[in-house]
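# Coordinates in review
Residue-level listing of the chains:
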Amino acid sequence: MNQNQIFNRTRRQLAGWYVLVTGLLLSICGVGLYQVVIYSQEYILRQKLESLSGTLHDSIEPFLEQPNQINNNVKKLLPGLCLKGQVCQLPKDVEKRHIAGVFQQEGYYLRLTTLSGQVLATIGQQPQGMNQKISIEFWQQVNSNNGESFYQISLLLRTQTGLRWGYLQIGRSMVEWNNYLMTLRLLLILGLPLAMLLVGGASWWLSRLAMRPIYESYRQMQQFTSDAAHELRTPLAVLQSTIEEMGLAKDLEEVEQNLEIMKRQNRRLSSLVTDLLLISKIDQQKFFTNIQPCCLNELILDLVEELEELALSAGVTLKTDLPINESIMMMGEPSQLYRMVSNLMTNGIQYTPSGGIINITLSCTENYILIQIQDTGIGIAPEELPRIFDRFYRVQSDRCRLTGGAGLGLSIAQAIAHAHRGRITVKSQLAQGSVFTIELPYQNFSPVLPKN
Ligand code: ADP
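Computed from a prediction, not measured in an experiment: that's the story for all the values here.

What counts, and where the lines are drawn
Residues numbered from 1 in each chain as written. Predicted model: local features only at pLDDT ≥ 70, side-chain atom pairs only at ≥ 80, totals over all residues. Heavy atoms only, no water. Helix = DSSP H or I, 4+ residues; strand = E, 2+ residues; numbered from the N terminus. Polar contact = N/O pair within 3.5 Å; in protein donor to acceptor, adjacent residues only side chain to side chain. Core = buried A, V, L, I, M, F, W, Y, C linked by side-chain atoms within 4.5 Å. Buried < 20%, exposed > 50% of the residue type's maximum accessible area, 1.4 Å probe, protein only. Contact = heavy atoms within 4.5 Å. Pairing = 2+ DSSP bridges. Patch = residues over 30% accessible without salt bridge, like charges linked within 9 Å, V, L, I, M, F, W, Y side chains within 5 Å. Areas by Shrake-Rupley, 256 points an atom, 1.4 Å probe, with all protein chains shown as cover. Salt bridge = Lys/Arg side-chain N within 4 Å of Asp/Glu carboxyl O. Near = heavy atom within 4 Å. Nonpolar A, V, L, I, M, F, W, Y, C, P; charged D, E, K, R; others polar.

## A look at the environment of E216
Within the element layout of this structure, E216 appears in helix α4 (residues 175-247). Of note is the side chain of E216, whose polar atom sits 2.8 Å from the side chain of R219.

Rendered as structure tokens:
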């Protein structure tokens, strides 16, 4: 396959398209995955901040008395709360307090601000260099002066009497999150070319697998065309030389001899063309035109009658062993079934030396009709057996063409058997003879129907 330009080009194109389409799908999946991760992480972060701020909001509010004033109850509730302008130290037991403990975690902070956004007190690591006065939108993404970004929630606090006290703000650093996203982006960006490389290798291999059956049938077609041309060339060459010799013929006898040669070659040509046409029909499955019940007993008897003369001239005896009181019927194309059995019988006659016997048996098993053609002929060597059903294949020693045709008889017979959902098998021994067995399904037979 590698030497053939068309197949190589098609293989490259197939692999190329495969890589392109897979690459596109992988990119879409990668971007989709990235978006899903962002969305889900943002959702989790918001949920976390919302529940924390909600709990704190509900705990603090009952203790608030005067707007912008932080009393001792609030300080007790929030250990580690550092008022603006004070130098603060964390109380020793802060880790034991759940709420305050949260703000000891990396990246979390809490602020209590006035209504105008002035910071009154804080807990946790404050964003460095961030404006003291900050916006009080519900959700906010804020940046410190060193470029660090924070996700922040602001909730309005009211005093016990319902006055607007100020704001509770809880934030979380996005550094860890941004680093995570960057790693994910990097993985996707570096992983995609690597994946494409692997996909490229796989698609090159897959395209070879996909091309193999097409290449195989192309090779068979090429082989078939060259074999057919070879078979046609010989009779045509003989015809050409005979015609040339006719011009030089000295007497009527020589002319008649030449005419006889021409007739023979013409017969050979037309039988070859008929076989080629039949093969083309088989290939296109335009094969069945007249499916009807066929009586196989009658078919065999007709054939014996037709081939009797040929057998006589070859000095072989045709014998039959058919069920006496039973007609074996099947659905099929009579002319094709006739052709199938005829090919095997003719072979039997051709490859059996004078004095031999050809025995044709018709029988039934539970599921199959069996037609056996047994001869006492020259037999077939075991190494040849697997190839004798190939088109144009003739056993080597037979190449002299004293006997045999173009090597199409068995392949046609096998194709007809297959089309009737059956098969032909062979057993043979050199110089002992051969047994060809046709197995055809007996019940529920439905032939392979023609394609339009
Ligand atoms: P051909 O038209 O040349 O007979 P076939 O396809 O019918 O071609 O047969 C293929 C080859 O199988 C033949 O060349 C022949 O050597 C071998 N063969 C077929 N039938 C027999 C048989 N009954 N006995 C011995 N050899 C056979």
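## Quick notes on the nonpolar core
Residues M340 and I371 are the most contacted members of the largest nonpolar core, which totals 49 residues. It is helix α6 (residues 296-314) that provides the largest number of residues to this core, a total of 7 residues. Not counting residues within four places of it along the chain, the set of residues in contact with M340 comprises A413, I416, A417, I424, I438 and L440. Formed by 32 residues, the second largest nonpolar core is a distinct cluster that contains Y34, L83, Y108 and W165.

## Points about the sheet that holds strand β4 (residues 139-143)
Spatially, β1-β3-β2-β6-β5-β4 is the arrangement adopted by the 6 strands of the open sheet, whose pairing is antiparallel. Pairing within the sheet leaves two strands with one partner each, and these edge strands are β1 (82-83) and β4. Strand direction decides the pairing type here: β4 and strand β5 (residues 149-158), joined by 5 bridges, are antiparallel. The residue of β5 that forms the bridge with Q141 is Y151.

## Let's talk about a nonpolar patch on the surface
Taken together, the side chains of W17, L20, V21, L24, L25 and I28 make up a nonpolar region of the molecular surface, amounting to roughly 670 Å² of accessible area. Mapped onto the fold, I28 is located in helix α1 (residues 5-60). Residue classification places I28 among the exposed positions, given a relative accessible area of 56%.

## A short note on the site of the ligand
Taken together, 21 residues lie around the ligand, and N347, Y351, D375, G405 and L410 are the ones closest in. The contact in question runs from an oxygen atom of the ligand to an N or O atom on the backbone of V395, over 3.3 Å. Backbone polar atom of G409 to an oxygen atom of the ligand: 3.3 Å apart, as the coordinates give it. Protein contacts shield 96% of the accessible area of the ligand, which totals 540 Å² for the unbound molecule. At the level of elements, α7 (334-350), α8 (409-419) and β13 (433-441) are the ones that each hand at least two residues to the shell around the ligand. In terms of residue class, the shell around the ligand is made up of 10 nonpolar, 8 polar and 3 charged.

In short, shape yes, function no, at least from these values alone.
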